[in-house]
Amino acid sequence: MTNDICPDSGSSTSTPTDNELQEHEITINNKYYVKTKYHRKNESPMQIAEVLATRLNKDGNLEYYVHFKDFNKRLDEWVLEDRIDTSKEVVEMKLSESSPCTTPRDLTEFDNSFFSTSSLDESESLTQAECSSQSLGVLEKKPIKSRVKNLDAIWFGEHYLQTWYFSPYPQEYTEARVIYICEFCLNHFISEKQFERHCKKCTIRHPPGNEIYRDGEISFFEIDGVRQTTYCQNLSLLSKLFLDHKSLYYDLIPFMFYIMCRSDAYGFHIIGYFSKEKNSVEHNLACILTLPHFQRQGYGRLLIEMSYELAKIENKIGTPEKPFSDLGLLSYQKYWQEIIIEVLHRYHQFHGGEITIEEISEKTYIAQRDVLYTLHTLGIGSYQGQTAIRLTDAMIVMSKNKKRRIDRSKLDWTPPVFTYNQLRYTK
Ligand SMILES: CC(=O)SCCNC(=O)CCNC(=O)[C@H](O)C(C)(C)COP(=O)(O)OP(=O)(O)OC[C@H]1O[C@@H](n2cnc3c(N)ncnc32)[C@H](O)[C@@H]1OP(=O)(O)O
């Protein structure tokens, strides 16, 4: 296995006793100034954070799991006491008094007020008893606190990936802190030995379901949440490690999954996927994920583009399901901007004159609300008494500068037809 960054897994951690805790003045649910690695340039590294849990690390030192105020939850971390300032009382400013810079970290570039990006409340997560993967498809939401990441990292094939969020893997797996996942069948294993034994036996080399697209090394497979239950359950557990919202992950029946893979001589390696509600009138995508080791390489854009290509074949103008995550919003914003600039530029070249929001929506299959939002982010304004947008050369270059594109001629897909109760599937 290759392992470029494989920090201490913390696998031999334990829960501190009350006596051990009493010696320290830091208490769970209280807020302190804690040193973060993620502060902005002109900001103090000491940021307000809430202590959510404690543990003893393998050296017997007490560690605290902290969530930094206004930071995305994926930046939560285990810290030693020396990063926590207990001498200073935490004073939280009311919103009106606070600095204008109140957006969560990692979402600093854009005004996010148009969409709600708030995560579902922690209470929407599941109890450990409910977490067996067998029961994922039929669970009802029940409240528990699951604000603390239950796995530190996963070995995914040959990649060591640090996790971002809680995912309801069964307790015996999360006790290990680091688990092993087969990148082809997505089954999970507690020990390296079990995993290696599995790899020798596992003959699966691509996701189950039909391959609906192939362009060079990139393929898409279509999978039905009803038919390929185990794979979809495993996919949901895996993706929850990097997705902090949406309860739909526990109910697979109403969804189709579109898995994007990169192929080599060994097989089809999953890059990411999006899910799509079978009978949604409004939504062309439910959830989207690029696995961390493939992020920022244009694959998220490719997934989004594929969701619109499917919508075009269905002849349905649609929108992705909200709320967005911060990264989801950034990715959609970039995609919409590129596509809309492209349309405006072409329209201006060939027709000149005016184009309505409705027309942009019809040409792009992007919902009118999303078109309007994007035009605002691009700086729609009043020019010589008319509502207009000024397309700069930089904007046009940006819209043409795509790393990857879907080649529609290579898409072999007809919209699936479902029976009324969506449990039976005919095509
Ligand atoms: C509807 C929903 O499901 S919302 C939930 C979205 N999913 C998640 O949040 C799960 C975790 N995140 C992810 O899986 C990924 O970050 C995704 C799917 C959102 C994006 O996937 P990626 O493969 O990284 O996207 P891609 O490389 O195509 O980037 C597209 C653009 O989004 C923006 N972007 C994406 N990630 C970032 C980032 N970390 N920081 C800043 N901008 C970013 C950039 O503008 C980028 O274009 P650029 O690289 O040319 O500047």
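Per-chain numbering applies: the sequence of each chain, read as written, is numbered from 1 onward. Reporting in this predicted model follows two pLDDT cut-offs: at least 70 for local features of residues, and 80 or more for side-chain atom pairs to be given and counted; totals over whole chains, interfaces and linings ignore these cut-offs and use all residues. Here the side-chain values reflect all heavy atoms present in the structure, with hydrogen atoms and water set aside.

The following threshold applies: UniProt positions are given in the numbering used here, feature names are shortened, and annotations may be inferred rather than shown by experiment.
As named in an unreviewed UniProt entry, the protein chain is Histone acetyltransferase ESA1, taken from Gigaspora margarita. What UniProt records for the protein chain under Sequence similarities (unreviewed entry) is the sentence "Belongs to the MYST (SAS/MOZ) family."

Brief notes about the packing of helix α6 (residues 326-350) against helix α7 (residues 357-364)
Heads up, the rule is: Convention adopted: a line fitted to C-alpha atoms gives each axis, helices being fitted over their contacting stretch, and angles between N-to-C directions are expressed from 0 to 180 degrees. Comment: elements are numbered from the N terminus, with helices defined as DSSP H or I runs of at least four residues and strands as E runs of at least two. The cut-offs work like this: below 35 degrees is roughly parallel, past 145 is roughly antiparallel, 65 to 115 is roughly perpendicular, and the gaps in between are oblique. Put simply, a crossing is left-handed when the front helix is turned counterclockwise from the back one by less than a right angle, and right-handed when it is turned clockwise. Note on contacts: a residue pair qualifies if any of its non-hydrogen atoms lie within 4.5 Å across the two residues. Each residue receives one of three labels: charged for Asp, Glu, Lys and Arg, nonpolar for Ala, Val, Leu, Ile, Met, Phe, Trp, Tyr, Cys and Pro, and polar for the others, Gly being one of them.
Put simply, α6 and α7 touch, their axes get as near as 10 Å, and they point 110 degrees apart. Overall, the two elements α6 and α7 adopt an arrangement that is roughly perpendicular. Classified by chirality, the crossing of α7 by α6 is right-handed. Judged by residue contacts, Ile339, Ile340, Val343, Leu344 and Tyr347 of α6 engage Ile360, Lys363 and Thr364 from α7. Here the residues of the contact of α6 with α7 are counted per class, giving six nonpolar, one polar and one charged.

Comments concerning the site of the ligand
As a reminder of what qualifies: One heavy atom within 4 Å of a molecule or strand makes the whole residue count as near it. Contacts described as polar in this section are N or O atom pairs within 3.5 Å, which, within protein, must combine one atom able to donate a hydrogen with one able to accept it, while residues neighboring in sequence count only if both atoms come from side chains. Every accessible area reported is derived by Shrake-Rupley at a probe size of 1.4 Å, with residue values counting cover from the shown protein chains alone.
Every one of the 27 residues lining the ligand counts as a neighbour, but Ile288, Thr290, Gly300, Ser325 and Lys334 are closest to it. The backbone of Ile288 places a nitrogen or oxygen atom 2.8 Å from a nitrogen atom of the ligand. Contact between the ligand and Lys334: an oxygen atom at 2.7 Å from a side-chain N or O atom of the residue. A total of 980 Å² of accessible area belongs to the ligand in isolation, and the protein chains cover 84% of it. Elements represented by at least two residues in the shell around the ligand include exactly β15 (287-290), α5 (299-314) and α6. Per-element accounting of the shell around the ligand gives the leading share, five residues, to α6. Here the shell around the ligand is composed, by residue class, of twelve nonpolar, nine polar and six charged.

Regarding the packing of aromatic side chains
For clarity, the cut-off: Ring pairs shown here join Phe, Tyr and Trp side chains whose ring centres sit within 6.5 Å, with only the six-membered ring taken for Trp; geometry is labelled stacked below 30 degrees between planes, edge-to-face above 60, and tilted in between. A simple rule labels every residue: compare its accessible area, found with a 1.4 Å probe on the protein chains alone, to the largest value its type can have, and call it buried under 20%, exposed over 50%, or partly exposed in between. By definition here, charges over rings are those cases where NZ of Lys or CZ of Arg is within 6 Å of the ring centre and within 35 degrees of the ring normal.
According to the stated counting rule, one finds 19 aromatic pairs in the structure shown. Look at Tyr258 and Phe274: their rings are 5.1 Å apart centre to centre, the planes differ by 25 degrees, and that puts the pair in the stacked class. Of this pair, Tyr258 sits in strand β12 (residues 255-264) while Phe274 sits in strand β13 (residues 267-277), and the two are 16 residues apart along the sequence. Judged by its relative accessible area of 0%, Phe274 is buried. Between the NZ or CZ atom of Arg55 and the centre of the ring of Trp78, over which it lies, the distance is 4.1 Å. We note Lys88 situated over the ring of Tyr33; from NZ or CZ to the ring centre the distance is 4.5 Å.

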